[in-house]
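Descriptive structure summary
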Amino acid sequence: MCWLLMLLWALPAAVQMALRPNCFWRRPFQEQKDYYRPGELIIGGNLPLSISVVVSIPHERPGDWDSYSLPVHKNYQHILALTFAIQEINKDPRLLPNITLGFRIYEENEYASMTQDVSLSLLSSRGKVFPNYKCDTQDNLLSVLGGLNSRTSYQMATTFGNFKISQIDPQYHYQNAAIVQLLLYFQWNWIGIIVQKSDSSDHFIQIFKTTLAHNDICIQFVKQILSQISIFIVVPRNLVDVLFTILNSDAQVVMISGDSNVLQSLIISLYIYEEENHATSGKVWILTTQWEFSAIGYHYDWVKLKSLHGALSFTVHTNPVPGFKNYLSALNPHEPHGDIFLPEWWEVVFDCEILKAGLASPAGRRVCTGQENLDTLPASVFDGKMTGFSYSVYNAAYSVAHALHAAYTLESKQAMKKGRKKPHLHLSVKPWQMHAFLRNVLFNNTAGDEVSFSETGMKFSGFDILNWIIFVNKTILRQKVGWVDLEASSAEDFGIDPDVIVWAKQKKPFSRCVKHCLPGQARKVAEGKHSCCYGCIFCTEGTISNQTDAAQCIPCPEDQHPSKNHVLCIPKTMNFLSYEDTLGFVLVCLVLVFSLFTILVLAAFIKHCNTPIVKANNRNLTYILLVSLLLCFLCSFLFVGQPRNLTCLLRQTAFGIVFSIAISSVLAKTLTVVVAFMATKPGNRARKLLGKQLIVVLACPLVQTTLCASWLAISPPFSNLDFHSVKGEIVMECNEGSTNMFYAVLGYMGFLSLISFMVAFLARKLPDSFNEAKFITFSMLVFCSVWVSFLPTYLSTKGKSMVAVEIFSILASTAGLLSCIFLPKCYVIVLRPDLNNRSHLMGKVKSKSKKTYSQIYTG
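Cut-offs and rules
- Residues numbered from 1 in each chain as written.
- Predicted model: local features only at pLDDT ≥ 70, side-chain atom pairs only at ≥ 80, totals over all residues.
- Heavy atoms only, no water.
- UniProt positions renumbered as here; feature names shortened; annotations may be inferred.
- Helix = DSSP H or I, 4+ residues; strand = E, 2+ residues; numbered from the N terminus.
- Buried < 20%, exposed > 50% of the residue type's maximum accessible area, 1.4 Å probe, protein only.
- Contact = heavy atoms within 4.5 Å.
- Areas by Shrake-Rupley, 256 points an atom, 1.4 Å probe, with all protein chains shown as cover.
- Disulfide = S-S within 2.5 Å.
- Pairing = 2+ DSSP bridges.
- Salt bridge = Lys/Arg side-chain N within 4 Å of Asp/Glu carboxyl O.
- Axes fitted to C-alpha atoms, helices over the stretch in contact; angles between N-to-C directions.
- Phe/Tyr/Trp six-rings, centres within 6.5 Å; stacked < 30°, edge-to-face > 60°.
- Lys NZ or Arg CZ within 6 Å of the ring centre and 35° of its normal.
- Parallel < 35°, antiparallel > 145°, perpendicular 65-115°, else oblique.
- Left-handed = near helix turned anticlockwise from the far one by under 90°.
- Nonpolar A, V, L, I, M, F, W, Y, C, P; charged D, E, K, R; others polar.
- Core = buried A, V, L, I, M, F, W, Y, C linked by side-chain atoms within 4.5 Å.
- 1 Å grid on protein atoms, 1.4 Å probe; cavity = no way out; pocket = protein on both sides within 12 Å on 5 of 7 lines; lining within 4 Å.
- Points joined across faces, edges and corners; volume = space filled by probe spheres on them.
- Patch = residues over 30% accessible without salt bridge, like charges linked within 9 Å, V, L, I, M, F, W, Y side chains within 5 Å.
- Expected span 1.5 Å × (residues − 1).
- Arc of directions from axis to C-beta.

For the protein chain, an unreviewed UniProt entry supplies the name Type-2 vomeronasal receptor and the organism Crotalus adamanteus. Regarding the protein chain, the relevant UniProt record gives this comment under Sequence similarities (unreviewed entry): "Belongs to the G-protein coupled receptor 3 family."

If you want it as structure tokens, here you go:
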């Protein structure tokens, strides 16, 4: 019984020992080689040093492949950039005081299982694979820098996301805007796209298509290719369709987006096709920032890259990093300080062998001394300056340090407020807290560039545009020909020197669906056609296009009109009847001549006021009529010259009132003739009306004055600019205000004229010697004819022509009254004074009426 109780008492302890988690991993696991440096907090890295190669051997069984890794020597710089950054951070006492950062760097592998193993290794203590379990107080993983391969980065993110570990990958989507600027500069709107097939490729294509469409750039074809196949001796079937599409397309520009293997697969396949068919595609390849491809072809004589000749690529803009050159010069393969990659890399790039202690020199191999100079290596093998991706790795490491500094500063302030001691940095900051601080990182790195983050990742200061030149000796020159700065102002965000670019076909390619629409034309897309395959139409009246391939013609401002070829807007000329115009000058001369003639007639009548012919024509009415006719002529000056508000108020109203006085005077003279002859009849009371004709002269214009006053009070005329009536001109006119009042004034004058005409017509058969009715009838006929013709002509003209029509109507009607009524009398007064006597005037009147006529006309 005792031993049973002892067993039950010991059971909980045994169960506890059995359930205690140990630092081990149960599934088969292949530990990868890593470059390790201890620290209180660890930055992990999974960086590419090589690319996987799958070679197809011809004449072998289908599916017979050979796979191996091909080193890319320049990629070793990514590791050096990270280690150099960590070294500088640890030396800076202000950035992370009392804390040492360490790192664990693995070589990126193409295989998904290996990527998962690397990720789990980073999450575990070194040598003890148990993810997310803390076996010691050191080597706490803080953040991870992703690889160059987007597929690998995605696989890493799937693992690290579950543990809320921040992963910093290069964000290349910013280059989409840079590519668009390049296409717009060269006016390429018809392109092809090759994309690496991945989980996110469809999303990328959709986003990029939207960006291109927003800038009127069209895609002729989009092809997705797999990335697991890299180098071939024969073109594989899955690339045949891609090659056929590329070679048979009329798009001369093709953009490739994806990992290095994608470009490698396509270019090598294209090379094989070109060699077999003795042809060249002549396409311009636009390569994105992921490519570090210049080492390919350095090792294999049959792998030629002449298809890349003339290509344009983007790389992250970099500035020289102080101290990096000295850091490289201190590298020694005999003292790698834990860098497991350095000796192997050194042996390959310098073609020598690093001997271990006690071993003899191998036959035929040069021994590495460790004093080899990195500056002697070709740029395609190793570049002493940080490349774009290495620069991103360097900035990413510093970003983690600055985010850690911000987190520690915040927690220290909070601890001081609560009266606690400052926390230990490596114990207080958790990896999941880094996300918020990374988003707010903003600092200037040691090279002077600003580093910051957006919602989608780390921003770049800009991109350099490189031109790939492939020489016959298999060397590659990537020459900088331009730059893109997405953070700069619109005037400074892009620059390129097209004269230094070497093209595949020695001249800039034409990559458009159709030729350009010239200035003065606009694009028009036919129904069912692609938006870039448009036709050209000429700009319509009033519109222009001042650039090639204008989306639409734009209207000119109101005060301007298109040039003859519709390429620019030019100021409209001012249209008004000026004194300098020929038409205006002629009309003014006519006004002066008629006015002078009227003055002479008035002077003649005044001088011969006591002669029988003047007395017989009622001197008072004659004077009023001549003065009103003179004023009618002078009213024409109100219509000439630039219209102003005052002249607009006066021109129609003054003319209407003055002309009403003239017509009223004519009507009064006609009524005088009628009344005079009616008074000769015995017992007729018309004699009482003699001498009261001035009432007509006063009453009739009073009605017109009332109409004009109402017009000015209700809706007065005003000066106006008419931009549309006359092509290419701005009509300066007087807007009549109320059109109804304008026609009422004209209608009243027509009414008076019609009454005068009817009265004169009825009195036309009275005795000739005393009768003016015949002359008045003819003058009224002329007057009515002129104004009846005036209305349709006035309404059908615009601008100064309309004003000239009205002036001509005034002059013609006034001159008709003047000439028809007064020319016969002036003839007698001036040229035939012998007829200007009483006996002549009474000669044809019957004797019984002579006394009556004499009393009426001569008093």
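Each helix and strand in the protein chain was counted, giving 23 helices and 27 strands. Evaluated residue by residue, the protein chain yields a buried proportion of 50% over its 859 residues. For the protein chain, contacts bridging at least 24 residues in sequence account for 72% of all contacts bridging at least 6. Total accessible area on the protein chain is roughly 42000 Å²; 59% of this is exposed by carbon and sulfur atoms.

Taken as a whole and assessed by the stated rule, the structure comprises 7 disulfides. Disulfide pairing is shown between Cys-218 and Cys-532; the S-S distance is 1.9 Å. The chirality of the disulfide connecting Cys-218 with Cys-532 is right-handed, given an S-S dihedral of about 85 degrees. A residue pair is termed long-range when its members are at least 10 positions apart, and Cys-218 in strand E9 (residues 218-225) and Cys-532 in the loop between strand E19 (521-524) and strand E20 (535-538) qualify at 314 residues. Residue Cys-218 is classed as buried on the basis of its relative accessible area of 4%.

What follows concerns the pairing of strand E26 (residues 718-722). Bridge count for E26 against strand E27 (residues 729-735) is 5 bridges, and the pairing is antiparallel. Paired with Ser-719 across the two strands is Cys-734, which belongs to E27. Linking E26 back to E27 in an antiparallel pair, the connection comprises 6 residues, with Gly-728 at a positive phi of about 75 degrees.

On inspection of all chains with the given rule, the structure shows 10 salt bridges. Measuring nitrogen to oxygen at the nearest pair gives 3.3 Å for the salt bridge that ties Lys-480 to Asp-464. In this pair, Lys-480 is assigned in strand E17 (residues 476-484) and Asp-464 in strand E16 (residues 463-470), connecting sequence segments 16 residues apart. Across the pair Glu-541 and Lys-727 runs a salt bridge, and its minimum N-O distance is 3.8 Å. Within this pair, whereas Glu-541 is found in the loop between E20 and strand E21 (543-544), its partner Lys-727 is found in the loop between E26 and E27, the two being separated by 186 residues in sequence.

Here we come to the environment of Ile-179. One can find Ile-179 in helix H5 (residues 175-185). Considering only alpha carbons, one finds Ile-179 and Ser-313, 134 residues apart in sequence, at a separation of 9.4 Å. Contacts of Ile-179, omitting those with residues within four sequence positions, involve Phe-208, Met-255, Ile-286, Thr-288 and Phe-314.

Ordered in space as E9-E8-E10-E11-E12-E16-E17-E18, the 8 strands form an open sheet in which the pairing is mixed. Single-partner strands in this sheet number two, and they are E9 and strand E18 (494-496). Here the average twist between neighbouring strands, direction ignored, is 25 degrees. Pairing between E16 and E17: 8 bridges, direction antiparallel. Across the sheet, Ile-470 pairs through a bridge with Ile-476, a residue of E17.

Let's shift gears to the packing of aromatic side chains. Evaluation of the coordinates by the stated rule reveals 20 aromatic pairs. Residues Phe-84 and Tyr-327 carry aromatic rings whose centres are separated by 5.2 Å and whose planes lie at 50 degrees to one another, so their mutual orientation is tilted. Of this pair, Phe-84 sits in helix H2 (residues 76-91) while Tyr-327 sits in helix H9 (residues 324-329), and the two are 243 residues apart along the sequence. Neither residue differs from the other here; Phe-84 and Tyr-327 are each classed as buried. Three or more aromatic residues link up through ring pairs in this structure, and these residues are Tyr-76, Trp-345, Trp-346, Phe-350 and Phe-382. The ring of Tyr-534 carries the charged tip of Arg-523 above its face, separated from the ring centre by 5.3 Å.

Read across the sheet, 3 strands follow the order E13-E14-E15 without closing on themselves; strand pairing throughout is antiparallel. In the strand order of this sheet, the two ends are held by strand E13 (442-444) and strand E15 (457-458), each with one partner. As defined by bridge partners, strand E14 (residues 450-454) adjoins E15 across 2 bridges and the pair is classed as antiparallel. Its bridge partner lying in E15, Phe-453 is registered against Met-458.

Helix H21 (residues 800-831) packs onto helix H14 (residues 582-607) with a crossing angle of 30 degrees between their chain directions and a minimal axis gap of 10 Å. Relative to H21, H14 is oriented roughly parallel. Along this stretch, H14 crosses H21, giving a crossing that reads as left-handed. Together, Leu-583, Leu-587, Leu-590, Val-591, Phe-594, Phe-597, Thr-598, Val-601 and Phe-605 of H14 and Ala-804, Ile-807, Leu-811, Ala-815, Leu-818, Phe-822, Leu-823, Lys-825, Cys-826 and Ile-829 of H21 make up the contact between the two elements. Split by residue class, the contact of H14 with H21 holds 17 nonpolar, 1 polar and 1 charged.

Along the chain, Gly-737 turns up in the loop between E27 and helix H19 (739-762). The spacing of Gly-737 and Phe-718 is 19 residues in sequence and 6.8 Å in space, taken between C-alpha atoms. Contact partners of Gly-737, with chain neighbours within four places excluded, come to Ser-715, Pro-716, Pro-717 and Phe-718.

Here the focus is the nonpolar core. Judged by nonpolar contacts, the single largest core of 63 residues is most densely connected at Leu-82, Trp-345, Trp-346 and Leu-374. Per element, the largest residue contribution to this core is 12 residues, and it comes from helix H11 (residues 388-417). The residues contacting Trp-345, other than those within four sequence positions of it, are His-73, Tyr-76, Leu-374, Leu-377 and Phe-382.

For the rest of this paragraph, the subject is unusual backbone geometry. In the Ramachandran plot, Asn-98 falls in the positive-phi region, its phi being about 60 degrees despite a non-glycine side chain. Relative to the helices and strands, Asn-98 resides in the loop between H2 and strand E5 (101-107).

All told, the structure shown has 5 cavities of 30 Å³ or more when counted by the stated rule. Put simply, the largest cavity is a space of about 150 Å³. Along its surface, the largest cavity is lined by 19 residues, and Arg-651, Glu-733, Cys-734, Met-802 and Val-803 are the ones closest to its centre. Among the secondary structure elements, those contributing two or more residues to the lining of the largest cavity are helix H17 (645-679), E27 and H21.

Turning next to a nonpolar patch on the surface. A contiguous nonpolar patch, built from Phe-585, Val-586 and Leu-590 and spanning about 260 Å² of accessible area, is present on the exposed surface. Take Val-586: it is sitting in helix H14.

As a further point, take helix H6 (residues 201-214). The end-to-end C-alpha separation of H6 is 20 Å, in line with the 20 Å expected for 14 residues at 1.5 Å each. Three or more residues of H6 are buried, namely Ser-201, Ile-205, Phe-208 and Leu-212. Summarising the axial view, the buried residues of H6 lie within an arc of 75 degrees, below the 170-degree limit, and thus occupy one face. Facing away from the buried surface of H6 by more than 90 degrees, the exposed residues are Asp-202, His-203 and His-214. Where H6 is buried, its residues touch H5, strand E8 (190-196), E9 and strand E10 (253-257). Two residues or fewer after H6 comes Asp-216, characterised by a positive phi angle close to 60 degrees.

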